[in-house]
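The chain contents come next:
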Amino acid sequence: MGKAKKRGFRRGDLDEFYRLSREEAVQEVVKLLKESDNNAISLITLFGLSAEELLEAGADYEDVVQMRSMLK
């Protein structure tokens, strides 16, 4: 985990995602994308998720294409 993530956890900025594995993060992003929630963006950038991971987890292609600037 990088310095910025550790700092964010200590400050409490990322409390809701404190004990989230990468696999759980992918599932959460897919759920948030279906709900059109803006928290999906923060999770995508926090974990550095790729489009392939999201598509394999069941995200809609259209949702992933809209987020292409933030995905690896």
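As a reminder, the structure under discussion sits directly above these lines.
This paragraph deals with the overall build of the chain. Of the regular secondary structure elements, the chain holds 5 helices and 0 strands. Counting every position in the chain, which comprises 72 residues, the buried fraction comes to 33%. In the chain, once contacts between residues fewer than 6 apart in sequence are set aside, the share between residues at least 24 apart is 47%.

This part covers the environment of glycine 58. Within the secondary structure layout, glycine 58 lies in the loop between helix H4 (51–56) and helix H5 (61–66). Judged by relative accessible area, glycine 58 falls into the partly exposed class, the value being 35%. In this view, glycine 58 contacts Val30 and Lys34; residues no more than four positions away in its chain are not counted.

Let us look at the environment of methionine 67. Examined against the element boundaries, methionine 67 turns out to sit in the segment after H5. The sequence separation of methionine 67 and isoleucine 41 amounts to 26 residues, and the corresponding C-alpha distance is 8.1 Å. Not counting chain neighbours up to four residues away, the residues in contact with methionine 67 comprise Leu33, Ile41 and Ile44.

Criteria and thresholds
- Residues numbered from 1 in each chain as written.
- Predicted model: local features only at pLDDT ≥ 70, side-chain atom pairs only at ≥ 80, totals over all residues.
- Heavy atoms only, no water.
- Helix = DSSP H or I, 4+ residues; strand = E, 2+ residues; numbered from the N terminus.
- Buried < 20%, exposed > 50% of the residue type's maximum accessible area, 1.4 Å probe, protein only.
- Contact = heavy atoms within 4.5 Å.

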